[in-house]
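# Chains, contacts and geometry: an overview
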Amino acid sequence: MKVKVQTLDGGKGSDIELNDAIFGIEPRADILHRVVTWQLENRRAPARATRERADVARTGKKWGRQKGGGTARHGDRRAPVFIGGGKAHGARAREFGQSLNKKIRVLGLKMALSSHAKSGSLIVLDTLDLKDAKTKALRGDLAKLGLGKTALVIDGDAVTTSFALAARNLPEVDVLPAIGANVYDILKHDTLVLTRAAVEKLEARFNG
């Protein structure tokens with residue numbers, strides 16, 4: 001698959017050949033759903049358990065006589081009815097992480113990239129270098145590219161500093177290095193923007 005390489009100012013460059021095994025496969029909704037679910041579940045922090053009656057460090061001594069005191073009969077101060085007592089039917093510790101076969105995770109990322117390539121919402125840039133790290137100037141340059149409402153920009157080993165500084169005040173633009181490319185972020189943006197370095201890193205990542 002050939003894609004025209006563009007520059008930030010809207011100019012056209014040479015063509016780049018994208019690997020069809022990465023950018024040209026047919027997306028499947030069930031695979032993408034499994035990978036996104038796995039990714040979001042693993043983002044969740046563990047649920048902390050509450051301290052129940054057996055976990056509270058209070059005396060177990062019977063604190064009042066059984067009869068004649070005019071109050072209910074209690075064996076110790078750890079009962080849930082007392083301040084400082086254990087929680088009745090409290091939350092249990094839970095882990096939300098899931099496991100997913102590595103082949104499925106790799107296939108899901110390829111399908112996410114292919115979905116943008118097939119829909120025409122994939123843009124390849126030569127570089128992200130800017131003369132001045134100015135948000136206003138970058139907004140004008142991105143408008144020439146015809147991005148959608150939201151865009152994800154992926155660079156090589158690290159995002160170019162000038163571009164990252166200029167883009168951080170643009171709520172509709174997110175930036176990632178190639179190592180951080182993931183299915184959820186790719187799918188939730190209308191446009192995917194890759195640099196030449198990002199394409200090389202992604203292809204090397206799958207071929208390695």
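Just so we're clear, the structure is a prediction, and the values are computed from it rather than from any experiment.

What counts, and where the lines are drawn
- Residues numbered from 1 in each chain as written.
- Predicted model: local features only at pLDDT ≥ 70, side-chain atom pairs only at ≥ 80, totals over all residues.
- Heavy atoms only, no water.
- Salt bridge = Lys/Arg side-chain N within 4 Å of Asp/Glu carboxyl O.
- Helix = DSSP H or I, 4+ residues; strand = E, 2+ residues; numbered from the N terminus.
- Buried < 20%, exposed > 50% of the residue type's maximum accessible area, 1.4 Å probe, protein only.
- pLDDT = per-residue confidence, 0-100.
- Expected span 1.5 Å × (residues − 1).
- Arc of directions from axis to C-beta.
- Contact = heavy atoms within 4.5 Å.
- Pairing = 2+ DSSP bridges.
- Axes fitted to C-alpha atoms, helices over the stretch in contact; angles between N-to-C directions.
- Phe/Tyr/Trp six-rings, centres within 6.5 Å; stacked < 30°, edge-to-face > 60°.
- Lys NZ or Arg CZ within 6 Å of the ring centre and 35° of its normal.
- 1 Å grid on protein atoms, 1.4 Å probe; cavity = no way out; pocket = protein on both sides within 12 Å on 5 of 7 lines; lining within 4 Å.
- Points joined across faces, edges and corners; volume = space filled by probe spheres on them.
- Nonpolar A, V, L, I, M, F, W, Y, C, P; charged D, E, K, R; others polar.
- Right-handed = clockwise from strand over helix to strand, strands pointing away.

### Details of the pattern of salt bridges
Opposite charge on two side chains makes pairing possible when the charged atoms of those side chains draw close. Scanning the model with the defined rule gives 11 salt bridges in all. Between glutamate 172 and arginine 139 there is a salt bridge; the shortest N-O distance is 3.4 Å. Of this pair, glutamate 172 sits in the loop between α5 (161-167) and β5 (173-176) while arginine 139 sits in helix α4 (residues 135-145), and the two are 33 residues apart along the sequence. Exposure remark for glutamate 172: the relative accessible area of 25% places this residue in the partly exposed category. Shared partners join several salt bridges into a network, and the residues in it are Arg53, Asp76 and Arg78.

### Describing the confidence of the model for the chain
Chain-level pLDDT for the chain is 90 on average; 100% of the residues reach the 70-or-more range. Looking over the chain, one finds the lowest element-wise mean pLDDT in strand β2 (residues 12-17), namely 83, and the highest in helix α6 (residues 183-187), namely 96.

### Structural notes on helix α2 (residues 29-43)
The terminal C-alpha atoms of α2 lie 21 Å apart, and with 15 residues this matches the ideal 21 Å at 1.5 Å per residue to within 8%. Regarding α2, the residues found buried are Ile31, Leu32, Val35, Val36 and Gln39. Taken around the axis of α2, the buried residues stretch over an arc of 125 degrees, which confines them to a single face. Turned more than 90 degrees from where α2 packs its buried face, Ala29 and His33 sit exposed. Those residues of α2 that are buried lie in contact with α3 (102-119) and α6.

### Let's talk about the sheet that holds strand β3 (residues 122-125)
Strand pairing in a sheet relies on backbone hydrogen bonds, with the paired strands running either antiparallel or parallel. Taken in spatial order, the six strands line up as β2-β1-β3-β6-β4-β5 in an open sheet, and their pairing is mixed. Of all strands in the sheet, those bounded by a partner on one side alone are β2 and β5. Within this sheet the neighbouring strands show an average axis-to-axis angle of 30 degrees, counted without direction. Note: strand β4 (residues 151-154) against strand β6 (residues 191-195), four bridges, orientation parallel. Its bridge partner being in β6, alanine 151 is matched across the sheet by threonine 191.

### Considering the packing of aromatic side chains
The geometry of an aromatic ring pair is captured by two quantities: the separation of the ring centres and the angle between the planes. Taken as a whole and assessed by the stated rule, the structure comprises zero aromatic pairs. In this structure, arginine 44 is placed above the aromatic ring of phenylalanine 96, and the distance from its NZ or CZ to the ring centre is 3.6 Å.

### Observations regarding the layout of surface pockets
If you roll a probe as big as a water molecule over the atoms, it shows you where there is empty space left. Roughly 250 Å³ of internal volume is contained in the largest pocket. Forming the boundary of the largest pocket are Val35, Trp38, Gln39, Lys102, Arg105, Val106, Leu109, Ala181, Asn182, Val183, Arg205 and Phe206. For the lining of the largest pocket, the secondary-structure elements that each account for two or more residues are α2, α3 and α7 (196-207). Broken down by element, the residue count for the lining of the largest pocket peaks at four residues, all from α3. Its residues assigned to classes, the lining of the largest pocket shows seven nonpolar, two polar and three charged.

### Focus on the pairing of β4
Along β4, one buried face is formed by Ala151 and Val153 and the opposite face, lined by Leu152 and Ile154, is buried too. Handedness of the β-α-β unit built from β4, α5 and β5 comes out right-handed.

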